[in-house]
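Chain by chain, the residues run as shown.
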Amino acid sequence: MLASAAGCLLHAGSALAVEAEAGADEAADTIVVTGSRPIAESEAAALEVQKRSDSLVTVLASDGIGRLPDQNIAQATSRLPGVAVERDQGQARYISLRGAPKTWTTLSFDGINVVSPEGRDARFDSIPSAIAKQVIVSKAVTPDMPGETVAGNVNVVTRSAFDYDGFHLAAKAGYGQAEYGKRPEYEGSLVLSQRLPLGSGELGVLVSGSYYERNMITDNFEHDWERVAQDTRPGAATRYWVQETENKLYRLTRKNWSLSGRLDWKADDDNQISLRSIYTIFTDDEARDNYRFDLDDRQGDLVPNTAACTTTVNPTPSTSGYADICIGNTPTQGTIYGIDIRQRSTLRAFKQSILTNTLEGKHSFGDGWSINWLGNYTQSKDDRTVTGEASWESPSTRTLRPTVGYDFTNPGVALLTLYNTTQLASPTRFQAGTQVTAIDSFTKPLTAITFLDAVDTTNAFTGRLVIAKTLSLLGGEATFKAGFQFDQRGKVVDERNLTIPVTDTARLAAIGLPTDYTQFALSQPFQGKLPMGYTFNYFDNRKMAAVGDKARELYAFAPVAANYYDVRERVYAGFLMGTLRYDWGSLVGGVRVEKVANRGIANGIANGVSTLITSNVDQTLVFPSAHLNYNVDDSKKLRLSFNTGAARADYDQIRPNISFNDLAQTISGGNPAIKPERAKGVDAYFEWYVRPQGYISIGAFYKKVSDVIYTTRRTFGSDALNSNGIDRSPYFYSGILNGGDGRLFGVEVAAQLQLEPWTEAIGLPGWMGGFGISANLTLNDSEVTKPAFFNGATLSVPERKVRLPNTSDAVYNLGVYYEKYGLSLRLQYQRRSLWLDSIADDDTDAGDTYWDADDEMDFSARYAINKHFEIYFDAANLLNQPGRRFSDPSGILTARGTPTGMIRNQTIEWERFGRRFTGGVRVTF
């Protein structure tokens, strides 16, 4: 509903007629965007679409996407009100709407919900922004939308030849460079369309393609914190130690491809048939040098002792020093003597793809009747292939291992100082020797090489029929709809691997893998900017690729039976919906009923015997909703809505890979009987369409949530595994279960203003009319009950209150722009406050984890040489702020009765990626 910073223009210089939607699929007046002021005109067009909508939507269109360096739908959508993103390697990936978990956001193409290659966690970085004519974010669910839409739906609307008057060509080509490693970027797109007269009606033909490649280097360090059982000195209850610290140093090549085609046949004004096909590919070729320092390698050296001790530094201890406060070590600073380096050289070739094909017809008949039908087939694939992963590890002789001085006092830096390890006269005492800078000078023999071929395939079929009738009723115009939809989705996971141990010298020689890392390394040092305290050389990714090819040529891979599953989901849905429109506004209401039938097949363990388990679970869900849109006057609107939805568990969570033991009366694994997370919500929004140009809005929302899914340990409580007269419902279960209830509420404010209409009235020169501003802010608050967690029959952590995952207390965007005389400049800043990443089951791993606040600033410049040619320059990630994840035990400690504030200095993961700069040309005819 809140206006976007983008509108409905494709490219500067083109003219596009934009339909302002009066409902789900009815057209009202037409707004013509000429392209002379692309940002201002497209904003105005978007506001008109939102003003006439019967439900709560936000509109983003392709010209707005093109005004900033947005290569995927997640990044582009992140600038809208109420939208927050979660990034991976600096790229926006997941979308969270109005503070709800990312699993509550659904993805669709032209109104058809699409299962992401990963599953229900819809990944938006695999969808290039270039394929979209328009993106519509629906925040309030209507009955004609699938019930699995809880927080909202992101609908990618593709282009049609009928969006243009006749022949249309739009092309883009650009080149750029990343700051770290001076690595290149490439981008290009092409759209071709034509309208052809036929003997009966008109045919529209459109084809498009896009390509984006990003090469990058990352800075990274990670810590794994733990409570140490041997540390029992005073203060140990709140003391956590880094059991392992590591650097994951990536060389990445990420690519987005897309191909799409569309045929639209308009037989006449009342009949249209559309055939659409979209193929998107996201590839992630990753070379990762992983140096891990096993600080707790000799944890058992420390003898538990509850007595207080002095903390004077002792450089010749009888322990390794890990978790030993009596030699002067602390959790953030100290020295560990003679520890293990575990190094991995990993080459991955990940690929995600979506192929979706739709045949749709729209037909209008006399006396207000219409029919909409469609059929869709979509295939999503997640290829998680590991080309090869070599493991290298320190030998057991401690004098061949490093002594490590660590300094973690700054949560944004992990400094390590390496030394040779010297043994003293006593066989249990060691000290630091000479300092070592090059880590590869330490002995690290090869321990194993592994290869993985893994592909997850999801096949989905959708059929839908909607019948509508429009008539005069109660002094207004009424439209009634009745619809039926059938969805079938099946996901199959197939994994095969090969491991060659270091003792198998014959096969190692056959695939060409050296056992000495220095023979496997490049002369190229680290290209990032992270101060690590040591140097290294990257492994040779071309050699690894050759090793992987040879292994696949010579040897058979074994199925990973434990990870196999085949889950099928069928959804039978029907809905009734009515819309009443008056001069003062509209009323929308109805109900949707869905029956969900799940069948799962997976390998499980029944009393120690591997067996194939099949489960069948049915559920019926009802989703009512109602919307009121009231025109206070011709420039102000009030919107009220009530809506419901359910987020079903992901496929890997409902697979029946169950292990049960009747003697021990225990169950673990997936939970086919898990109930969906349910939500009931209300929205209240006020919009003011400021004249002559601008927009201000404020809104509030509230959702009551129930059956939230958690990992837990408790009584199973289901008869799904009962067989042969054995009741397994009272068994002790480890896995996912539905937890307590909770709530989510918040407010949104947004504003868009251009100076142009007021320059003359306030006495400003004409050139200042090019300035404009857009801003939005979303404030959230959430709270749900985390059930008690048991360690066996012993209560480990009692029931406690937590926030919803992925929920930031504040998300805001601020954009300023200038456009006039063919010049278009835009600077955009966005920020989201910290958010909960995962909820701890107990306190052994230092508590709940959070992502720290995320700041992003981008700049874009465009200059239209004429109506056909434009040059552009983009600068992304200007602030170059790190992504930081940290652990916080305070929630668990509070639950145990020890009130504390949030502890934010326990960094788990820290990474930075550098700035990116791209320039190029856009051509439109």
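In this report, we go over the structure that sits alongside the text.

Reading the values: the criteria
Residues numbered from 1 in each chain as written. Predicted model: local features only at pLDDT ≥ 70, side-chain atom pairs only at ≥ 80, totals over all residues. Heavy atoms only, no water. Disulfide = S-S within 2.5 Å. Helix = DSSP H or I, 4+ residues; strand = E, 2+ residues; numbered from the N terminus. Buried < 20%, exposed > 50% of the residue type's maximum accessible area, 1.4 Å probe, protein only. Contact = heavy atoms within 4.5 Å. Expected span 1.5 Å × (residues − 1). Arc of directions from axis to C-beta. Core = buried A, V, L, I, M, F, W, Y, C linked by side-chain atoms within 4.5 Å. 1 Å grid on protein atoms, 1.4 Å probe; cavity = no way out; pocket = protein on both sides within 12 Å on 5 of 7 lines; lining within 4 Å. Points joined across faces, edges and corners; volume = space filled by probe spheres on them. Nonpolar A, V, L, I, M, F, W, Y, C, P; charged D, E, K, R; others polar. Pairing = 2+ DSSP bridges. Axes fitted to C-alpha atoms, helices over the stretch in contact; angles between N-to-C directions.

1. Quick notes on the state of the cysteines
Applying the stated criterion across every chain, the model contains 1 disulfide. Two residues share a disulfide in this structure: C309 and C326, whose sulfurs sit 2.0 Å from each other. The chirality of the disulfide connecting C309 with C326 is left-handed, given an S-S dihedral of about -95 degrees. Of this pair, C309 sits in the loop between strand 15 (271-294) and strand 16 (333-336) while C326 sits in the loop between strand 15 and strand 16, and the two are 17 residues apart along the sequence.

2. Concerning unusual backbone geometry
Unlike most non-glycine residues, D110 shows phi in positive territory, near 50 degrees. When you line up the elements, D110 lands in the loop between strand 6 (105-109) and strand 7 (112-113). Since its relative accessible area comes to 16%, D110 is described here as buried. Here the phi dihedral of K182 falls at roughly 55 degrees; this positive angle occurs in a residue that is not glycine. With respect to the helices and strands, K182 occurs in the loop between strand 10 (168-178) and strand 11 (184-197).

3. Comments concerning the environment of S364
Here S364 shows up in strand 17 (residues 340-364). Residue S364 is classed as partly exposed on the basis of its relative accessible area of 34%. Between the alpha carbons of S364 and S274 there is a distance of 15 Å; along the sequence they are 90 residues apart. Aside from chain neighbours lying at most four places away, what touches S364 is D270, W369 and S370.

4. Notes on helix 5 (residues 541-554)
Because an α-helix packs 3.6 residues into every turn, residues spaced three or four apart end up facing the same way. Between its first and last C-alpha, helix 5 extends 20 Å over 14 residues, near the 20 Å set by a 1.5 Å rise per residue. Where helix 5 is concerned, the buried positions are M544, V547, G548 and A551. Viewed along the axis of helix 5, the buried residues span an arc of 100 degrees, placing them on a single side of the element. Across helix 5 from its buried face, at more than 90 degrees, point the exposed residues R542, D549 and E553.

5. Description of the nonpolar core
Core analysis: the largest hydrophobic core is formed by 57 residues, its most contacted members being F293, I449, F451 and I511. Setting aside residues no more than four positions away along its own chain, F293 makes contact with Q243, E244, T245, I339, D340, I341, V404, L416, L418, I439 and Y534. Membership of the second largest hydrophobic core comes to 42 residues, among which are I131, V156, V802 and L804.

6. Side note on empty space enclosed by the protein
In this structure, the second largest cavity occupies an estimated 270 Å³ of space. What lines the second largest cavity is a set of 23 residues, and nearest its centre among them are R87, G90, D854, G883 and F913. Broken down by element, the residue count for the lining of the second largest cavity peaks at 4 residues, all from strand 4 (residues 83-88). Broken down by class, the residue content of the lining of the second largest cavity amounts to 6 nonpolar, 6 polar and 11 charged.

7. Details of the sheet that holds strand 16
Taken together, the 4 strands give an open sheet; going across it, the order is 16-19-20-21, and neighbouring strands pair in antiparallel fashion. A single partner strand is all that each edge strand has here, and the edge strands are strand 16 and strand 21 (430-436). This sheet shows a mean twist of 30 degrees between the axes of neighbouring strands, independent of strand direction. Alignment of strand 16 against strand 19 (residues 402-407), held across 4 bridges, turns out to be antiparallel. By the bridge assignment for strand 19, Q333 is matched with D407.

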